[in-house]
Amino acid sequence: MLLSVILELTSQRASVLPPHLGRAHHSVFLEWVASFDAPLAAALHDFEGAKPFTCSSLLGVTPTADGLSLRAGETVSVRITSLDAVLSSQLEAHLTDSAPAQWNLHNHPFAVAAVICDARRNAWSGSTTCEELAARYLVAGETPSPAITLEFAAPTAFKSREMHVPLPLPGLVFGSLLDRWNAVSPVQLPDDVRAFAEDAVAVSQYNLRSAAVRHKQNSVLIGGMGTVTYRALTGDRYWLACLNLLADFALYSGVGVKTVTGMGQARRIAERHK
């Protein structure tokens, strides 16, 4: 099962926290998993390649040059997603069915006010399966749109030719999604989807800004944030279906690098202009 869970958090005191808490959230998440399933936590930590989960930074508050300013009683949120059946089952059992009382980040105490896994309550949450996503476009006959708009709610970057690229270009975005899809789905898509995105998909609209994320050893990674509309210039129904399927998958998989530490938070949104 693919799962995206929102934890609504209430700040227990006023404080100024670092501007990006993705690494802190990743650490707290693995410690929490280890409290009820140590082998699973170790497997997630040691997983080779793109890990089958994501952890967001703090959502609902805009960082400034000084960091994240929080008031006592202020409500914010974090998001956890899972592409792994075992992890999803554990998240359902230990989050949605019996949520922890506290979720502390960077030694700052938060009370868990709500746990949401329902797109009707929060569009960044929900659950589905790879088979359901595939059936929606490849089997059921839902008409795939030639235009797809993605929202990048966290800095998003890609590794390409030994460089980090801070722009969500079509081939990089759909290539990243294709790799993650084929790593977890029983319904495999051909690598030609990547070539189609590179050769036949254009950026028709965008509203982007750059943002910096500080990582280990004080290194800084630049990523793009905002919205981008991609439009297929050609292609038959199958290629369009693959793009639409992957766009819906982005909510659960994240896009690009460092998705376990808060980068690459993405979802499909309705196109405003056709």
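Residues numbered from 1 in each chain as written. Predicted model: local features only at pLDDT ≥ 70, side-chain atom pairs only at ≥ 80, totals over all residues. Heavy atoms only, no water.

Before going further, it helps to spend a moment on the layout of surface pockets. Of the voids in this model, the largest pocket is the one considered here, and its volume is about 890 Å³. Of all the elements in the fold, those that place two or more residues in the lining of the largest pocket are helix H1 (22-34), strand E8 (147-156), strand E11 (201-214) and strand E12 (220-232). Here the element with the most residues in the lining of the largest pocket is E11; it accounts for five residues. Looking at the lining of the largest pocket, its residues break down into 19 nonpolar, 11 polar and three charged. The computed volume of the second largest pocket comes to approximately 450 Å³. (1 Å grid on protein atoms, 1.4 Å probe; cavity = no way out; pocket = protein on both sides within 12 Å on 5 of 7 lines; lining within 4 Å. Points joined across faces, edges and corners; volume = space filled by probe spheres on them. Helix = DSSP H or I, 4+ residues; strand = E, 2+ residues; numbered from the N terminus. Nonpolar A, V, L, I, M, F, W, Y, C, P; charged D, E, K, R; others polar.)

What follows deals with the packing of helix H5 (residues 170-184) against helix H6 (residues 192-200). Direction vectors running N to C along H5 and H6 enclose 165 degrees, while the axes themselves pass 8 Å from each other. With respect to each other, H5 and H6 are oriented roughly antiparallel. With respect to the hand of their crossing, H5 and H6 are arranged in right-handed fashion. Residues Pro-170, Gly-171, Phe-174, Gly-175, Leu-178 and Asp-179 of H5 lie in contact with H6, whose contacting residues are Val-193, Arg-194, Ala-197 and Glu-198. Residue composition of the contact of H5 with H6, grouped by class: five nonpolar, two polar and three charged. (Axes fitted to C-alpha atoms, helices over the stretch in contact; angles between N-to-C directions. Parallel < 35°, antiparallel > 145°, perpendicular 65-115°, else oblique. Left-handed = near helix turned anticlockwise from the far one by under 90°. Contact = heavy atoms within 4.5 Å.)

With that out of the way, let us pick up the packing of aromatic side chains. Applying the stated rule across the entire model yields eight aromatic pairs. The interplanar angle of 40 degrees and the centroid separation of 6.3 Å between the aromatic rings of Phe-29 and Trp-32 together place this pair among those described as tilted. Of the two residues, Phe-29 and Trp-32 are both situated in helix H1; the distance of three residues between them amounts to about one turn of the helix. Each member of the pair, Phe-29 as well as Trp-32, is classed as buried. Considering the side-chain rings of Tyr-238 and Trp-239, the 5.2 Å spacing of their centres and the 70 degrees angle between planes classify their relative orientation as edge-to-face. Accessibility expressed as a relative area gives 34% for Tyr-238, which makes it partly exposed. Residue classification places Trp-239 among the partly exposed positions, given a relative accessible area of 22%. (Phe/Tyr/Trp six-rings, centres within 6.5 Å; stacked < 30°, edge-to-face > 60°. Buried < 20%, exposed > 50% of the residue type's maximum accessible area, 1.4 Å probe, protein only.)

Another aspect to go through is the sheet that holds E8. Picture the strands of a sheet paired through backbone hydrogen bonds; they go either parallel or antiparallel. As summarised here, the arrangement of the four strands in space is E11-E12-E8-E13, forming an open sheet in which the pairing is antiparallel. The open sheet has two edge strands with one neighbour each: E11 and strand E13 (266-269). Each strand axis lies, on average, 15 degrees off the axis of its neighbour in the sheet, ignoring direction. Pairing of E8 with E12 involves seven bridges; the strand directions are antiparallel. Bridging across to E12, Thr-149 finds its partner in Thr-229. Relative to the sheet, helix H7 (residues 237-253) contacts E8, E11, E12 and E13, its axis offset from that of E13 by approximately 125 degrees. (Pairing = 2+ DSSP bridges.)

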